[in-house]
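Fold and geometry: a report
Next come the chains, spelled out residue by residue.
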Amino acid sequence: MELRHLRSLVAIADSGGFTRAAATLHIAQPALSQHIARLEAETALTLVDRTRGQVRLTDAGEALARRARRALAEVDAAAADLAAFRGLRAGRLTLGVTPTPGPVDLAALLAGFNARYGGIELRVRDGLTATLLDDLRRDRLDAAIVTGEPPPDMGYTELAAEPLVAVVVPSDPLARRRRIDVGALLERRLVGFPPPATIRVALEAEAARRGTALAVAFEVEDVARVRDLVAAGLGAAVLPASDADRPGPPVHALTITGADLRHRVSLVWRGSRPQPPAVDALIELAGEEPQPVPMSVGAFDSGHGDLARHADAVPG
């Protein structure tokens, strides 16, 4: 049974005639008559009694109209729900976030989204970039903020890029310096993120190019924990410049020379399909949000950056 035919039957029941029903449905009366004729042919029953100058539903017509009203109400409610999704008045957005979003102000981004689309339920899941990308491909996430080079099967917008810096405890002899060659850094005992974290992958690739191996004494996923272990003198570490410039236990940051080690942060989504309206809205908002100006390596060299001014700059 077609919905338009059922609507015609209900309209006749409610209005008491073909003329008024056709006007209610904004269709021509012959078209309305065809709808009823097709319903009667399909059910092999007379649904509308047109005798004695009156139009009324038969018992079979009344029974069908009662059920049709309930069915049409559900269909109309479903259409309203979908319209709400299209209008971003309802729904859910699940966003994956890397532990090292660098200078990206995640709280401000989410607060801006919530202020604009308060009907959308926001869920945030932390994870390493490789895990987040896998979850995105498996439809466990709607979008993700990740680091490194976005894979070719993902759509993306870059949110920030900044240098990676080395951090050591202030009592380390290196704390009297402002730079360290990457070769010397790779020979040191390190506190690092576990593979396949993008910073770890970048350091291992650099070590492989130099024919050496990383000496990672401690593996942790949390940026604050990395900072704590470095401050305790358990090893050097490599962190995004913005994380090394945040308050916390004192460490000393050094510019890394001899390699272009940068930290790239992007919002990514599945590139092979249309996105839900909430994802499109987040993409648009991320493009509007002003991001902090990333510090350049030159900031450390010239003495104009916070890390150059403060020997006790720390990651966070």
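Data block above holds the structure.
Given the structure is predicted, the values throughout are model-derived calculations rather than measurements.

**Quick look at the overall build of the protein chain**
Secondary structure summary: the protein chain contains 13 helices and 12 strands in total. For a compact globule of 316 residues, the expected C-alpha radius of gyration is about 20 Å, and the protein chain comes in at 32 Å, more than 25% above that figure. In the protein chain, which comprises 316 residues, the share counted as buried stands at 45%. Taking the contacts inside the protein chain whose residues are at least 6 apart along the sequence as the reference set, 75% of them involve residues at least 24 apart.

**Some details on helix α6 (residues 129-137)**
Taken as a whole, α6 has its buried residues at Thr129, Leu132, Leu133, Asp135 and Leu136. Along the axis of α6, the buried positions cluster into a sector of 160 degrees, meaning they face one direction only. Elements that come into contact with the buried residues of α6 comprise β3 (92-97), β4 (121-126), β5 (143-147), β6 (154-168), α8 (198-209) and β12 (262-270). Just beyond α6, the residue with positive phi is Asp139, at close to 65 degrees.

**A short note on helix α5 (residues 106-116)**
Leu106, Leu109, Leu110 and Phe113 are the residues of α5 that are buried. The arc enclosing the buried residues of α5, seen along the axis, measures out at 90 degrees, which places them on a common side. Of the exposed residues in α5, the ones pointing more than 90 degrees away from its buried face are Ala107 and Ala115. Where α5 is buried, its residues meet β3, β4, β5 and α11 (277-288).

**A closer look at the nonpolar core**
Judged by nonpolar contacts, the single largest core of 35 residues is most densely connected at Val167, Leu185, Val226 and Ile256. When residues of this core are traced back to their parent elements, those giving at least two are β6, α7 (182-186), β8 (189-192), α8, α9 (223-231), β10 (237-240), α10 (241-244) and β11 (252-257). The biggest single contributor to this core is β6, with five residues. Each residue touching Val226, except ones within four places of it in the same chain, is listed here: Val191, Phe193, Val220, Ala237 and Leu239. Formed by 25 residues, the second largest nonpolar core is a distinct cluster that contains Leu88, Leu93, Tyr117 and Ala278.

**Things to note about the packing of helix α1 (residues 3-15) against helix α2 (residues 18-25)**
Viewed as axis vectors pointing N to C, α1 and α2 meet at an angle of 125 degrees, and their least axial separation amounts to 8 Å. Judged by the inter-axis angle, α1 sits oblique to α2. α2 is crossed by α1, and the crossing has right-handed handedness. Within the contact between the two elements, α1 uses Arg7, Ser8, Ala11, Ile12 and Ser15 and α2 uses Phe18, Arg20, Ala21 and Leu25. Class assignment of the residues belonging to the contact of α1 with α2 gives a composition of five nonpolar, two polar and two charged.

**Observations concerning the side chain of Thr100**
Within the secondary structure, Thr100 is located in the loop between β3 and α5. Taking the relative accessible area as the measure of exposure, Thr100 reaches 5% and is therefore buried.

**Side note on unusual backbone geometry**
Most of the time, phi is negative for any residue but glycine, and the peptide bond is trans. Omega for the peptide link from Pro195 to Pro196 comes to 10 degrees, which places this bond in the cis form. Among the secondary structure elements, Pro196 is positioned in the loop between β8 and α8. Of note in the backbone geometry, Ala44 takes a positive phi value of approximately 60 degrees without being a glycine. Mapped onto the elements, Ala44 comes out in the loop between α3 (29-43) and β1 (48-49). On the accessibility criterion, Ala44 (65% relative accessible area) is exposed. For Leu88, which is not a glycine, the phi torsion comes out positive at approximately 60 degrees. As for its position among the elements, Leu88 is in the loop between α4 (59-86) and β3.

**Here we look at the side chain of Glu206**
Structurally, the position occupied by Glu206 is in helix α8. Given the relative accessible area of 7%, Glu206 is considered buried. The residues contacting Glu206, other than those within four sequence positions of it, are Val182, Leu186, Gly258 and Ala259.

**With respect to the packing of aromatic side chains**
Tallying each qualifying case throughout the model produces one aromatic pair. Measuring from centroid to centroid gives 5.1 Å for Phe113 and Tyr117, while their planes differ by 55 degrees, and the two rings are tilted. The pair Phe113 / Tyr117 is uniform in exposure class, with both members buried.

**As for the pattern of salt bridges**
With the rule as written, the count across this model stands at 20 salt bridges. For Arg264, the salt bridge goes to Glu149, with nearest N and O atoms at 2.7 Å. Note that Arg264 is positioned in strand β12 and Glu149 in the loop between β5 and β6, a separation of 115 residues in sequence. Given the relative accessible area of 19%, Arg264 is considered buried. Assessed through its relative accessible area of 62%, Glu149 is described here as exposed. One salt-bridge network, held together by shared partners, links Arg92, Glu121 and Arg123.

Parameters at a glance
Residue numbers run consecutively from 1 along every chain, following the written order of its sequence. For a predicted model such as this one, the threshold for reporting local features is a pLDDT of at least 70, and the threshold for listing and counting side-chain atom pairs is 80 or more; totals across whole chains, interfaces and linings nevertheless cover every residue. In computing side-chain properties, one takes all heavy atoms of the structure into account and sets aside hydrogens as well as water. What counts as a helix is a DSSP run of H or I of at least four residues, what counts as a strand is a run of E of at least two, and both are numbered from the N terminus. Throughout, radius of gyration means the C-alpha value; the globule benchmark is 2.2 Å times the number of residues raised to the power 0.38. Burial classes: relative accessible area under 20% of the type maximum marks a residue as buried, over 50% as exposed, and values in between as partly exposed (1.4 Å probe, protein chains only). In what follows, a contact means two residues having at least one pair of non-hydrogen atoms within 4.5 Å. Arc definition: it is the arc formed by the directions from the helix axis to the C-beta atoms. The criterion is simple. A nonpolar core is a set of buried Ala, Val, Leu, Ile, Met, Phe, Trp, Tyr and Cys residues joined through side-chain atoms within 4.5 Å. Angular values range over 0 to 180 degrees, each being the angle between N-to-C directions of two axes fitted as lines to C-alpha atoms, with helices fitted over their stretch in contact. For classification purposes, angles smaller than 35 degrees are called roughly parallel, those larger than 145 roughly antiparallel, those between 65 and 115 roughly perpendicular, and all remaining angles oblique. Handedness of a crossing is defined here by the sense of rotation of the near helix relative to the far one, left-handed for an anticlockwise turn of less than a right angle and right-handed for a clockwise turn. Under the scheme applied here, ten amino acids are nonpolar (Ala, Val, Leu, Ile, Met, Phe, Trp, Tyr, Cys and Pro), four are charged (Asp, Glu, Lys and Arg), and all others, including Gly, are polar. Centres within 6.5 Å make a pair out of two Phe, Tyr or Trp rings, where for Trp the six-membered ring is used; the pair is then stacked when the planes are under 30 degrees apart, edge-to-face when over 60, and tilted otherwise. Basic side-chain nitrogens of Lys or Arg form a salt bridge, by our definition, when they fall within 4 Å of a carboxyl oxygen of Asp or Glu.

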